[in-house]
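Residue-level structural notes
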Amino acid sequence: KQELVASRVNPTRLLVEAINGAGRNQPAVLVNGSAVGFYGCSDDAAFTEESPAGEDFLAGLCEQWEAESRKADAAVRVVNLRTGIVLDKEGGVLGKMLPVFQLFAGGPLGKGKQWVSWIHHADLVGLILHAIENEAVEGPLNGTAPNPCTMDGLCQALSRVLSRPNWMPVPEIALQALLGEGAMLVLEGQKVLPKKAEATGYSFKFTDVEA
């Protein structure tokens, strides 16, 4: 856990120190990483940028990460991009799931009812550019698509698109044995909505998981 915190907080601290010492070359905006884990996990609640932080380890990590970025000089506009699950067929979660479905062995991870607040990689890049170019964007910015889905929904979409069955769920105990505490990232989730992105005029290219 200490290594995970250090890997986020320490680079951000060094970056902010460099920005604050840049003088006339200081950038006008810092778009800093964060994650939807900020909100904790819930099967029922919906979270926007106005929602408070959760109480688990990942929420505390995101709070520390964001707090470090806010030490930038007042003249620097800071945006904390709270990224969801990035979908790209070449890598990440989707890159690992696609081959399994193509081998007719696909199925949901864990109970399947957990929320997956996803975003297409093209929209993540678009949101970063939007945050840089739009001075109205400041503070937390949810990097998620407008229509989150459940793990079951994601797997059903893959099944339809690939014309493959969705029938072999991966039990929680197997994921916990394989991933340890990292299993929480796929076994638990949160429904996160991109209210600020939409309010400041960002137009999503991919709004539904089957797109």
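In this text the structure is predicted, and so the values were computed from the model without any measurement.

**With respect to the overall build of the chain**
- When helices and strands are tallied, the chain shows eight helices and nine strands.
- Against the compact-globule benchmark of 17 Å for 211 residues, the chain has a radius of gyration of 18 Å, which places it among compact chains.
- Each principal axis of the C-alpha atoms in the chain carries an extent, and together these give about 60 × 35 × 30 Å.
- Split into buried and exposed, the 211 residues of the chain put 45% on the buried side.
- Taking contacts inside the chain between residues at least 6 apart in sequence as the whole, the part at least 24 apart equals 83%.
- Separation of charge centres in the chain, based on 18 positive and 25 negative side chains, amounts to 3 Å.

**Description of the state of the cysteines**
- Counted under the stated rule, the structure contains zero disulfides.
- Cys62 takes part in no disulfide bond, and the closest cysteine sulfur, belonging to Cys41, lies 11 Å away.
- Looking at the unpaired Cys155, the closest cysteine sulfur is the one in Cys149, lying at 8.7 Å.
- We classify Cys155 as buried; its relative accessible area is 0%.

**Some points on unusual backbone geometry**
- With a phi close to 65°, Phe104 is a non-glycine residue in the positive phi region.
- Relative to the elements of secondary structure, Phe104 occurs in the loop between helix 3 (92–102) and strand 5 (115–116).
- Assessed through its relative accessible area of 44%, Phe104 is described here as partly exposed.
- Phi at Ser163 is positive, roughly 55°, even though this residue is not glycine.
- The exposed category is assigned to Ser163, whose relative accessible area is 59%.

**Focus on the sheet that holds strand 7 (residues 139–143)**
- One open sheet accounts for three strands, arranged 1-3-7; its pairing is parallel. Since the sheet does not close on itself, it has two edges, and those belong to strand 1 (29–35) and strand 7, each with one partner. Sheet twist, expressed as the mean angle between neighbouring strand axes with direction ignored, is 30°.
- Direction of pairing for strand 3 (residues 77–83) relative to strand 7: parallel, over a ladder of five bridges. Directly across from Leu81, in strand 7, lies its bridge partner Leu141.
- Here helix 4 (residues 121–133) sits on the sheet and contacts strand 1, strand 3 and strand 7; the angle it forms with strand 3, its principal contact strand, is near 165°.

**Examining the pattern of salt bridges**
- Under the definition given, this model contains seven salt bridges.
- For Lys111, the salt bridge is made with Asp43, and the minimal N-O distance between the two is 3.6 Å. Separated by 68 residues along the polypeptide, Lys111 in the loop between helix 3 and strand 5 and Asp43 in the loop between strand 1 and strand 2 (46–47) bring together distant segments of the chain.
- Linking Asp152 and Lys113 is a salt bridge whose minimum nitrogen-to-oxygen distance equals 3.3 Å. On the criterion of sequence distance, the pair formed by Asp152 in helix 5 (residues 151–162) and Lys113 in the loop between helix 3 and strand 5 is long-range, its members being 39 residues apart.
- Judged by relative accessible area, which is 15%, Asp152 ranks as buried.
- Given the relative accessible area of 55%, Lys113 is considered exposed.
- Overlapping salt bridges bring together Arg13, Glu68 and Lys71 as one network.

What counts as what
- Residues numbered from 1 in each chain as written.
- Predicted model: local features only at pLDDT ≥ 70, side-chain atom pairs only at ≥ 80, totals over all residues.
- Heavy atoms only, no water.
- Helix = DSSP H or I, 4+ residues; strand = E, 2+ residues; numbered from the N terminus.
- Rg over C-alpha atoms; globule rule 2.2 N^0.38 Å.
- Buried < 20%, exposed > 50% of the residue type's maximum accessible area, 1.4 Å probe, protein only.
- Contact = heavy atoms within 4.5 Å.
- Lys, Arg positive; Asp, Glu negative; His and termini not counted.
- Charge placed at Lys NZ, Arg CZ, Asp CG, Glu CD.
- Disulfide = S-S within 2.5 Å.
- Pairing = 2+ DSSP bridges.
- Axes fitted to C-alpha atoms, helices over the stretch in contact; angles between N-to-C directions.
- Salt bridge = Lys/Arg side-chain N within 4 Å of Asp/Glu carboxyl O.

Keep in mind these numbers describe shape, not what the thing actually does.
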